[in-house]
Amino acid sequence: MSIKFGFSFNSYFIDNDACFLTMCDQSFSKRTAFSYLEDLAAQFNAEYGSKIQTVARPYSFIEFGKMDFY
């Protein structure tokens, strides 16, 4: 499923009770967006998959994906 308004929310991907969503320009390849979601879910589940059911507050995994720029 995609929602389009000048940009596109390329379908969501639910895995291990976590929802992954991309927001892309409409011209961006859906195949690439879904591939990204699958990679993101795999990395997230490797780091936090066993903790998902224990979360008691919003933003518990906020540190995931933070990047250090040098």
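Residues numbered from 1 in each chain as written. Predicted model: local features only at pLDDT ≥ 70, side-chain atom pairs only at ≥ 80, totals over all residues. Heavy atoms only, no water.

Peer 1: In this structure, what is going on with the nonpolar core? I would like to understand it.
Peer 2: If you look at soluble globular proteins, the nonpolar side chains tend to sit buried side by side. The biggest cluster of nonpolar side chains holds nine residues, and these are Ala18, Phe20, Leu37, Leu40, Ala41, Phe44, Tyr48, Ile52 and Phe64. Of all the elements in the fold, those that place two or more residues in this core are strand 3 (18-25) and helix 1 (30-48). Ranked by residues supplied to this core, first place goes to helix 1 with five residues. When near neighbours in sequence (up to four residues on either side) are disregarded, Phe20 contacts Ser11, Tyr12, Phe13, Asp15, Leu37, Leu40, Ala41 and Phe44. (Core = buried A, V, L, I, M, F, W, Y, C linked by side-chain atoms within 4.5 Å. Buried < 20%, exposed > 50% of the residue type's maximum accessible area, 1.4 Å probe, protein only. Helix = DSSP H or I, 4+ residues; strand = E, 2+ residues; numbered from the N terminus. Contact = heavy atoms within 4.5 Å.)

Peer 1: Sorry, what's going on with the confidence of the model for the protein chain here?
Peer 2: Segments scoring low in pLDDT should not have their predicted coordinates read at a detailed level. Per-residue confidence for the protein chain gives a mean pLDDT of 78; residues scoring 70 or more make up 77%. Element-level pLDDT for the protein chain is lowest in strand 1 (residues 2-4), with a mean of 57, against a maximum mean of 88 in helix 1. (pLDDT = per-residue confidence, 0-100.)

Peer 1: Can you walk me through a nonpolar patch on the surface in this structure?
Peer 2: On the surface, Tyr12, Ile14 and Leu21 cluster together into a nonpolar patch covering about 320 Å² of accessible area. Owing to a relative accessible area of 55%, Ile14 belongs among the exposed residues under this scheme. (Patch = residues over 30% accessible without salt bridge, like charges linked within 9 Å, V, L, I, M, F, W, Y side chains within 5 Å. Areas by Shrake-Rupley, 256 points an atom, 1.4 Å probe, with all protein chains shown as cover. Salt bridge = Lys/Arg side-chain N within 4 Å of Asp/Glu carboxyl O.)

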